[in-house]
Amino acid sequence: MNLNKPYGKISYVLRKARNRIILSITLRNVTAGLCTALAAGIILELLSRLIPIYRVYVLWGYAGAGVFLLSLLSVFLFLPKKKAVARLLDSFGLQERVITSLELEKEDSEYKELLLEDTVSKLDTVDYRERIKLLPNKKLLAAVIFLTLAFGATVLLPQPLLEEARQDHELNTYKKEQKKKVEKAEKEVEKNTGLTDVQKKDLLDKLEALKQELKKSQDTRAADKALEKLAKKLEQNIDKTKEADLKNLAEKLAGNKTAQALAGALKSEKTEEIGKEFENLKNKLKSMSAAEKNDFKDTLSKAADSLGDSELKDSLNGLGGALNSGDENAVNKSVDKLNGAVNDSLSQKNMNNALAQAQNDLQPNAVNAQNQGQNSGQGQGAAQGQGQGSGQGQGSGQGQGAGQGKGAGGSSAGSGTGNGDGGVTPYGQGGIANKAPSAGQEKEYEKVFTPSRLGGQGETSVITGKGNNNGKSETTITNNADASLGELMPYNQVVGQYSERAMESMDNSSIPGGMEDIIKNYFASLQD
Amino acid sequence: MEDKEILSIVDTIKAVENEVGKAIIGQKDVIRQVLIAVFTGGNVLLEGSPGLGKTQLVKTLSKVMDLSFSRIQFTPDLMPADVVGTNIIMKDEKGSSKFEFQKGPVFAHMVLADEINRATPKTQSALLEAMQEHTVTVGNSTYQLEEPFMVLATQNPLENEGTYPLPEAQLDRFLFKLMVPYPNLEELKGIIGVTVNNQTSVLQTIIDRSRILEIREILKKVPMSKLVEEYALRVVLATHADYEKAPELSRKYIRYGASPRAAQAIISTARVRAVMEGRYNVSFDDIKYVAPSALRHRFFMNFDAVADGITPEGIIEEILTGQLDTAKV
């Protein structure tokens, strides 16, 4: 830049003035930003005394830093342009000489040289350093001092809602975690190709309802309950009978030469392959000798006896009957019916898998236990799980506790520490937890007798009846039976054990499927 | 055009101003604004009490600028022919009669239309063509007035009885309407000294008519920033009640806003004023200086303004302040 040329000189002064303006604006904006941040701090401080705000200082730190950065950023966003600087210089007594000179830069005018000469000479007389001061605005400075004192004063005010804010925050965090779990379960259900649309919709509706419940829950315990409740509902929908029957059927059919291929297809669990094999079976049955037919009927009969599912059983018996009749159409229809029953079983198996997966996803984590442990300092708990096939018990958390998992029909065991989380098994029955209330939870539960009598064998009672003419009988009751009632305990601490025993009894006894559901629902309702 | 020529214009205008100031005591601002009108090429309406030196000012100007001068005293019985002239029957050398145009007093460089509002509208309008077109049409003939031509009309604000207010169309043709103030004590002493005590001063001719025309052309080219130009236009627009940025006073009290001639007047006179100030560019201050004189007769206020004692000057001041975007750090 040639300062000897008028435009060089004007540009030089403009640049210098512009730099000074930027510095001045920065100083002003930073002071204003500081004012705003302090005001925000005071408002937050005061608000935190009225409504619970978690980590108010951290929040204020973020807000303050944000405001400060914005104030700095605003300087760069609104950098003064050359013409604006020229206008400012003109307002210092140059009477639009600079702006007019700039506009004439690319134009011809008879006045141009005179104007430039005049502008440069006047520029020398203007002390822009004096006019553009690098001092913060006095009013803003006073405001900063006042707000700092006010902020200091608000810090000293008592904070009665501090603990409440912390609890609210933890609850919200917990809810978010649980919501993520539900969403994960939803995604998995949606991805599951083995489920029918109706099954998917049913599951998704349940998960959506759970999300709503989580949203409404007032504490982590309520959130956990909602999760547990759904997990149990899902568990109740798992029907293992058809799945086991399918396996049994495959094993039984494998023993028969005619049905070996079908047995293989059943093991593969591929619907298309199974359908194909049933079609082959129809052809084979047409050309079968009487002896082979009898042998096949025998296999069908044995298979039917080993099954629990009535539909499958009826289909097998129906096929046997059709073979007896020798009616080819009836045989074909029976084969189709059996195919349908097998497909239903397969569908149920897929549903079982999805339910188990969702159930697994929805296990409440140990945050609740951790909270309780922290609150009371001596939280205790125990969890028990029971499952079939591949049972798995889970429990984790801080504080003290123990969890157990118990498998029946397979081998599984789990142990851990935790409070109140029953083990949930993918293919089994989740244990119902005994929950010990923390010191902070003062809910009173109805007291029931200790379950020390549960499982007590005693000696086998011998009851002898003596018939007489009067129709009277005598009864002898053994003395060895455990008749002590034990101590009274809150039912929530023992309900898990009662439930566990009930589940064991159901496994060992032959009771109608409908009754099992009633019992499961009953114990689930006790948990609510 | 050389820089020296421009510089000489500045000197010339200053010399004229000083020379006029010798004969007219006080009234510096009026002198300056009349000179602005002269170098812009517009007509001036002077309003003030009698005896404030209006006629003297025009006479002095014509003397200093070597221009012909004529004075027409407007009265209710003054006829248009008394102003523009008329065809009269004349006998030629052969003794035959023929019509010959006898020029009226309007055929001068500087015409003082004294108490213009005392004449009938018909006579007033006889000046319209001369003021705007610088021509006079009598019968079928149009006569060109010699340049520079300008009308300086006076109005007496004190006596309204028997007067005919100038129509809006005619008012718009005055570049400036100047309010001639009453002199202060010092100025009055000076006036007494010149008139009563006969302390006459000899006036010199500083400039002639051809030079005036040259200067007018040169002054038309004074550079004006777009910002300043926009400001001038906004000021004119703000005299319209329906302009979105018009101040409250305009919205409430103005019946009709200024015409585009107001914008032309402000911009052209601001250029002259800039040079008279020794600058080679037009500033916001120039606009502020000329705007009251260029606007006060160009917008018309409603009855509310009269009732509330609102003056055009008050509204113009409000407009000038409100339309200026001041530069800030």
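Residues numbered from 1 in each chain as written. Chains lettered and ligands numbered in written order. Predicted model: local features only at pLDDT ≥ 70, side-chain atom pairs only at ≥ 80, totals over all residues.

- Identification of chain B as MoxR-like ATPase from Ruminiclostridium cellobioparum subsp. termitidis CT1112 is taken from an unreviewed UniProt entry.

## Thoughts on the overall build of chain A
Argument step 1. When helices and strands are counted, chain A shows 19 helices and six strands.
Argument step 2. When the 528 residues of chain A are sorted by exposure, 33% land in the buried category. (Helix = DSSP H or I, 4+ residues; strand = E, 2+ residues; numbered from the N terminus. Buried ≥ 20, exposed ≤ 12 C-beta atoms within 10 Å, placed from the backbone.)

## Notes on the overall build of chain B
Argument step 1. Helix and strand counts for chain B stand at 15 helices and eleven strands.
Argument step 2. Each of the 329 residues in chain B was classed as buried or not, and the buried ones make up 45%.

## Digging into the pairing of strand β6 (residues 135-138) of chain B
Each regular strand carries side chains that alternate between the two faces of the sheet.
Residues and elements named next belong to chain B.
Argument step 1. Pairing of β6 with strand β7 (residues 141-144), which is carried by four bridges, proceeds in the antiparallel orientation. Looking at the pairing, Val 138 lines up with Ser 141 of β7.
Argument step 2. Two successive antiparallel strands, β6 and β7, enclose a turn made up of two residues, where Gly 139 displays a positive phi of approximately 65 degrees. (Pairing = 2+ DSSP bridges.)

## Concerning the interface of chain A and chain B
Argument step 1. If you look at the interface, chain A gives 20 residues, while chain B gives 19 residues.
Argument step 2. Every element with two or more residues in the side of chain A that touches chain B is listed here: α1 (6-50), α3 (82-94), α4 (97-103) and α5 (112-125) of chain A.
Argument step 3. Counted by class, the side of chain A that touches chain B contains eight nonpolar, five polar and seven charged residues. (Contact = placed C-beta atoms within 7 Å. Nonpolar A, V, L, I, M, F, W, Y, C, P; charged D, E, K, R; others polar.)

## What about the confidence of the model for chain B?
The predicted coordinates of low-pLDDT regions are not to be read in fine detail.
Argument step 1. Per-residue pLDDT for chain B has a mean of 87; in total, 96% of the residues score no lower than 70.
Argument step 2. If you check the scores for this complex, the pTM reads 0.58 and the ipTM reads 0.84. (pLDDT = per-residue confidence, 0-100.)

## Re the nonpolar core
Argument step 1. In this structure, Val34(B), Val44(B), Ala232(B), Val235(B), Ile266(B) and Ile287(B) are the most contacted members of the largest nonpolar core, which totals 120 residues.
Argument step 2. Among all residues touching Ile266(B), those that are not within four sequence positions of it are Ala232(B), Val235(B), Val236(B), Ile287(B), Val290(B), Ala291(B) and Ala294(B).
Argument step 3. Among the nonpolar cores identified, the runner-up in size contains 26 residues, and Leu249(A), Leu281(A), Phe296(A) and Leu312(A) belong to it. (Core = buried A, V, L, I, M, F, W, Y, C linked by C-beta atoms within 7 Å.)

## Brief notes about helix α3 (residues 54-64) of chain B
Argument step 1. Regarding α3(B), the residues found buried are Lys54(B), Leu57(B), Val58(B), Thr60(B), Leu61(B), Ser62(B) and Val64(B).
Argument step 2. Asp66(B) sits one or two positions beyond α3(B) and adopts a positive phi of about 55 degrees.

## Thoughts on the packing of α1(A) against helix α2 (residues 56-77) of chain A
Residue and element names in this part refer to chain A.
Argument step 1. Running from N to C, α1 and α2 point in directions that differ by 160 degrees, and their axes come no closer than 8 Å. Overall, the two elements α1 and α2 adopt an arrangement that is roughly antiparallel. Crossing hand, α1 versus α2: right-handed.
Argument step 2. Among the residues forming the contact of α1 with α2, the class breakdown is 16 nonpolar, nine polar and one charged. (Axes fitted to C-alpha atoms, helices over the stretch in contact; angles between N-to-C directions. Parallel < 35°, antiparallel > 145°, perpendicular 65-115°, else oblique. Left-handed = near helix turned anticlockwise from the far one by under 90°.)

## A word on the environment of Ser11(A)
Argument step 1. Relative to the helices and strands, Ser11(A) is located in helix α1.
Argument step 2. Separated by 71 residues in sequence, Ser11(A) and Lys82(A) have C-alpha atoms that sit 8.8 Å apart.

## Thoughts on the environment of Arg49(A)
Residue and element names in this part refer to chain A.
Argument step 1. In this structure, Arg 49 sits in helix α1.
Argument step 2. Residue Arg 49 is classed as partly exposed on the basis of its 16 C-beta neighbours within 10 Å.
Argument step 3. Taking C-alpha positions, Arg 49 is 7.7 Å from Pro 158, a pair spaced 109 residues apart along the chain.
Argument step 4. If we ignore the near neighbours within four places in the chain, the residues touching Arg 49 are Leu 157, Gln 159 and Leu 161.

## Observations concerning the sheet that holds strand β1 (residues 43-47) of chain B
Residues and elements named next belong to chain B.
Argument step 1. Pairing in this open sheet of five strands is parallel, and the strands run β2-β5-β8-β1-β9 from one edge to the other. Both edges of this open sheet fall to β2 (69-73) and β9 (174-179), since each of them pairs with a single strand only. Here the strands of the sheet are splayed against their neighbours by 20 degrees on average, with no regard to which way each runs.
Argument step 2. Across five bridges, the pairing between β1 and β9 is parallel. The residue of β9 that forms the bridge with Leu 45 is Lys 177.

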